[in-house]
Amino acid sequence: MADSSTLVSETGRSLLADSSVLDSKIIETSKENVFRATVLDVEEEMPQIETRVVLVQEAGKHEELLKALEEIKTPYIKTDTIEELGDSDSPEFETIFVVSDFQAPIFSNLCRADCRVIGPPVVLHCAQKGEPLPFSCRPLYCASMLNLVLCFTGFRKKDELVKLVTLVHHMGGIIRRDFSSKVTHLVANSTHGDKFRIAVSLGVPIVKAEWIYKAWEKRNEIDFCAADDDFRNQFKVPPFQDCMLSFLGFSDDEKANMEEMTEMQGGHYLPVGDERCTHLVVEESTVKDLPFEPLKKLYVVKQEWFWGSIQMDARAGESMYLFEKSESPDFKKSVSLLSLSTPNSNRKRRRLKETLAQLTRETDMSPFPPRKRPSAEHSLSIGSLLDISNTPESSTANGETPKSCARPSKNSTPLPLKQSARWQVAKELYQTESNYVDILTTIIQLFQVPLEKEGQLGGPILAQEEIKTIFGSIPDILDVHTKIKEDLEDLMINWTESKSIGDIILKYSKDLLKTYPPFVNFFEMSKETITRCEKQKPRFHAFLKINQAKPECGRQSLAELLIRPVQRLPSVALLLNDIKKHTAEENPDKITLERAIESLKEVMTHINEDKRKTEAQRQFFDVVYEVDGCPANLLSSHRSLVQRLETVALGDDLCDRGEQVTLFLFNDCLEIARKRHKVIGAFKSPHGHTRPPASLKHVVLMPLSQIKKVLDIRETEDCQKAFALVVRPPTELNNKLLSFQMTTEDPCKEDWLKMLCRHVANTICKADAENLIYIADPDSVEVNTKDMDSTLSRASRAIKKTSKKVTRAFSFSKTPKRALRRALMSHSATEGRSPSSNESFLGSRLSSTSSLASVPSPSLVSLPSIFERRSHTLSRSTTHLI
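Residues numbered from 1 in each chain as written. Predicted model: local features only at pLDDT ≥ 70, side-chain atom pairs only at ≥ 80, totals over all residues. Heavy atoms only, no water.

> Any chance you could break down the overall build of the chain for me, citing the residues and the numbers?
Along the backbone of the chain there are 34 helices and 23 strands. Out of the 882 residues in the chain, the part that is buried amounts to 41%. In the form shown here, the chain has an accessible surface area of approximately 50300 Å², with 53% of it arising from carbon and sulfur atoms. (Helix = DSSP H or I, 4+ residues; strand = E, 2+ residues; numbered from the N terminus. Buried < 20%, exposed > 50% of the residue type's maximum accessible area, 1.4 Å probe, protein only. Areas by Shrake-Rupley, 256 points an atom, 1.4 Å probe, with all protein chains shown as cover.)

> Please set out the nonpolar core residue by residue, giving values where relevant.
Core analysis: the biggest nonpolar cluster contains 58 residues, and Ile 443, Phe 447, Ile 501, Phe 540, Leu 558, Leu 562 and Leu 576 have the highest contact counts within it. In terms of residue count, the dominant contributor to this core is helix 17 (residues 421-452) (14 residues). Ignoring sequence-local partners within four residues, the contact set of Phe 540 consists of Leu 451, Ile 461, Leu 462, Ile 470, Ile 530, Cys 533 and Glu 534. Membership of the second largest hydrophobic core comes to 36 residues, among which are Val 54, Val 99, Ile 175 and Ala 209. (Core = buried A, V, L, I, M, F, W, Y, C linked by side-chain atoms within 4.5 Å. Contact = heavy atoms within 4.5 Å.)

> A description of the packing of aromatic side chains should follow, citing residues and the corresponding values.
Using the criterion set out here, one finds 16 aromatic pairs in the structure. With centroids separated by 5.7 Å and ring planes inclined at 35°, the aromatic side chains of Phe 723 and Phe 740 adopt a geometry described as tilted. With Phe 723 in strand 21 (residues 722-727) and Phe 740 in strand 22 (residues 736-742), this pair connects stretches of sequence that are 17 residues apart. Since its relative accessible area comes to 2%, Phe 740 is described here as buried. Within the aromatic cluster, the residues linked to one another by ring pairs are Phe 240, Phe 247, Phe 250, Trp 305, Phe 306 and Trp 307. Here the guanidinium or amino end of Arg 219 rests over the ring plane of Tyr 141, the centre of that ring lying 5.8 Å away. Taking NZ or CZ as reference, Lys 709 lies 4.9 Å from the ring centre of Tyr 774, over its face. (Phe/Tyr/Trp six-rings, centres within 6.5 Å; stacked < 30°, edge-to-face > 60°. Lys NZ or Arg CZ within 6 Å of the ring centre and 35° of its normal.)

> Explain the pattern of salt bridges residue by residue, including any values.
Under the defined criterion, the tally for this structure stands at 28 salt bridges. A salt bridge links Glu 626 to Arg 644; the shortest N-O distance between them is 2.8 Å. Taken together, the positions of Glu 626 in helix 26 (residues 589-626) and Arg 644 in strand 14 (residues 641-649) put the pair 18 residues apart, joining distant regions of the chain. Between Glu 715 and Lys 749 there is a salt bridge, with its nearest N and O atoms 2.7 Å apart. Of the two residues, Glu 715 sits in the loop between strand 20 (707-713) and strand 21 while Lys 749 sits in helix 27 (residues 749-763), which places them 34 residues apart along the sequence. According to the relative accessible area criterion, Glu 715 is partly exposed, its value standing at 45%. Sharing partners across several salt bridges, the network here consists of Arg 422, Glu 497 and Asp 589. (Salt bridge = Lys/Arg side-chain N within 4 Å of Asp/Glu carboxyl O.)

> Residues and numbers for the environment of Ala 316, please.
Mapped onto the elements of the fold, Ala 316 is located in the loop between helix 10 (303-311) and helix 11 (329-340). On the accessibility criterion, Ala 316 (2% relative accessible area) is buried. Each C-alpha atom, one on Ala 316 and one on Pro 239, is 8.0 Å from the other, the two residues being 77 residues apart in sequence. Beyond its immediate chain neighbours, meaning those up to four positions away, Ala 316 contacts Arg 197, Trp 305, Ser 309 and Tyr 321.

> Residue-level account of the sheet that holds strand 20, with values.
Through backbone hydrogen bonds, the strands of a sheet pair up, either in parallel or in antiparallel fashion. What the nine strands build is an open sheet, ordered 13-19-16-15-14-22-21-20-23; its pairing is mixed. The sheet is open, and its two edges are formed by strand 13 (627-628) and strand 23 (773-776), each paired on a single side. By the bridge criterion, five bridges tie strand 20 to strand 21 in an arrangement that is antiparallel. In the sheet register, Asp 712 faces strand 21, and the bridge partner there is Phe 723. The strands that helix 27 touches are strand 14, strand 15 (660-666), strand 20, strand 21, strand 22 and strand 23; relative to strand 20, the one it contacts most, it runs at about 170°. (Pairing = 2+ DSSP bridges. Axes fitted to C-alpha atoms, helices over the stretch in contact; angles between N-to-C directions.)

> Got a sec to walk through the pairing of strand 11 (residues 279-282)? Specific residues and values, please.
Here strand 11 shows two buried faces, one formed by His 279 and Val 281 and the other by Leu 280 and Val 282. In terms of strand pairing, strand 9 (residues 244-248) meets strand 11 through four bridges, oriented parallel. Residue pairing in the sheet places Ser 246 in a bridge with Leu 280 of strand 11.

> Mind laying out a negative patch on the surface, listing which residues take part and the relevant values?
Together, Glu 717, Asp 718, Asp 779 and Glu 782 make up a negatively charged patch on the protein surface. Its place among the elements puts Glu 782 in the loop between helix 28 (778-781) and helix 29 (791-811). Judged by its relative accessible area of 72%, Glu 782 falls in the exposed class. (Patch = residues over 30% accessible without salt bridge, like charges linked within 9 Å, V, L, I, M, F, W, Y side chains within 5 Å. Lys, Arg positive; Asp, Glu negative; His and termini not counted. Charge placed at Lys NZ, Arg CZ, Asp CG, Glu CD.)

> Any chance you could break down helix 21 (residues 509-521) for me, citing the residues and the numbers?
Working note: α-helix, 3.6 residues per turn, so residues spaced by three or four point in the same direction. Its 13 residues give helix 21 an end-to-end C-alpha distance of 18 Å, which sits within 8% of 18 Å, the value for a rise of 1.5 Å per residue. Residues of helix 21 that are buried: Ser 509, Leu 512, Thr 515, Tyr 516, Pro 517, Phe 519, Val 520 and Asn 521. (Expected span 1.5 Å × (residues − 1).)

> Provide a residue-level description of the packing of helix 21 against helix 25 (residues 564-581), including the pertinent values.
Closest axis-to-axis distance for the helix 21/helix 25 pair is 10 Å, and the angle between their directions is 135°. Between helix 21 and helix 25, the angle falls in the class oblique. Crossing of helix 21 against helix 25: the hand is left-handed. Seen from helix 21, the contacting residues are Leu 512, Tyr 516 and Phe 519; seen from helix 25, they are Pro 565, Val 566, Arg 568 and Leu 569. (Parallel < 35°, antiparallel > 145°, perpendicular 65-115°, else oblique. Left-handed = near helix turned anticlockwise from the far one by under 90°.)

Structure below.
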């Protein structure tokens, strides 16, 4: 589609002309005037022209505008008509007109008179920045597009383009007819044309015309900037706008995924063979030839074009990704015959022979024999395609020379035809180490480096926090294993049976201890981040698709590659054990290998311990997020979660009988929470992570030192899986009995009670934890679990809850203290007391229910009976309704 042509306004000036040309002419003219003045009369002072602001009509009623003009010390006058001013071209004043409505007739009159016209937002903007009013040859309403250089493409309607250009000028933008490196934004009505292709290659934002219209709607917002990323991204041109895509050679699941991505990116999909189709995306590994002859206007592209367009958030050029038909055997044969008959064919053959001979000599000098040990072949075949393709032997087969083979040792001796078993296992250790280093290099070079690269087309694919979470300490691990690989390589080149392999591992054991725990501990979080970002960010999904299809990855996903560091240390330990088996007793490396194996075990033990602590900390924070109203003092560095237990309350001390209660046992306290009746909305963090809503409500956080006894209630027909805690809070004089029934099989009651007593004993510094457990009969503690699961019991609990709600609704108004006064007065009246006897007390301010409890009044003692009677009456009426 052709680009927009030059549009000429009524005054004869081009609307698409470069503003810079006009500005340069003004500057040159001013320089000539200054130079001429200094030459003609050096001593004569230049007359100072004062700026005068004229507030036209509604602008004169703007109070903030008047204050802004006073701040920048600019004189102003108010007027309703231009005729009142007479001649505005006074040599004493430089007149600037402030107009609130750029659609009013008075604005058109001022433009025809070539007057300087600005809008109120410009004055407010200058006052906020402390700057003088700008000089503009065009009417300037606001500064929301100040310093933006725009170019248009794909617009055929002249009226629409004139309107857009005018609005851009009113907002302080600059228009360029031709696209150049100075253009900051391309406004596109089509994805075709040279301007669009150049903008994509340079990474210039491409937006729709709606961006200008929406920016004009926000023209009165002083701090608004049209170039803001969040605002601009709402109007970006999607990669597949104006595109009709078809997919050939993909599986059903992959095709459905690509069709969904097409619609998300502004395109549409059609069945293969539809004449309206603009692009046919082909899976080049499965499709060798097209089932039909494509039309000339149809682009037949590889799938890399599809994912590449999504990754850089703009439609990629098709010429780089065109699908080529496979060549026929006859054509290949003719090409090979043609190449052999060229004049330089003999020279090429001779050069090829010399290269092969050189490779043969280097292979003979290599310490690696041509045959691998069967166990080594088996161990490598279990691994990935990447492991096999990057082995030294496969590199030689592909025409590449391994580093160790190309660099023979200076003091190497001729090797016997048959090597020892120790040498063969050592060779396997070196090969797997080399493969592992290649995998880590692939992860960094193919995934991490491109994601961290600045100036990505379409902006950063992932945030820096997400990149750090995914890759962790992979670069540090690569540095350590690169050194290990180099040392093993030197050892294999200069091989003797007395060479120590264990010393190499011991040399880097401390480095392994530093680098591995941070990665292994957060590996699950790394996988979760990859999965979440792949679902939420189409560009990252496309990035993974492009790189996973490359031969370096061996068609493995990023998550599959990142699991290799988790598996590497156990694999090295097994190989060292194998080397140790084939090492003679008199060999000094026997003891060194044992020490090396122990050092690796220490590293793995440390990793497991750190992982356990990390998991415990994660569980700790999960408790905080799961329990609504969880006390802040629960978080402590010395505290750890021991066990979680689901129970049902058998008493009314903490909550209603039969309510579901969760016990969180920590090493020094017990958090008791009940199930929420109403679940609040999900929590969303600033980074986009959505947590499930809090399902529990905090009841009490009890230090284990308050638990005096643990009662193991005997199992009977009416009481099963029940236990109780005898506790004494610091504010109480008597003990309280808290009874529960376990609702889960794991852990069993015996293990749970022993675990609880052990931590209670540790807290109160007692060695005899078992003495804290007492066996009790259900009748002695009045505990019964028979009716917990019955329908009648559940209905009774529901009625009780409803009764409490109704009682609270009728008993307390917005000020509960008045309700308490009424209850006290009514009770004192029934006992024959005159209200005046308690007038002084009732007239005093009731600060809280605790103050009422401290007053020795019999009315307070019998106050609960009032609510009990009322609750009983309401519950009876509720039962009648049911």
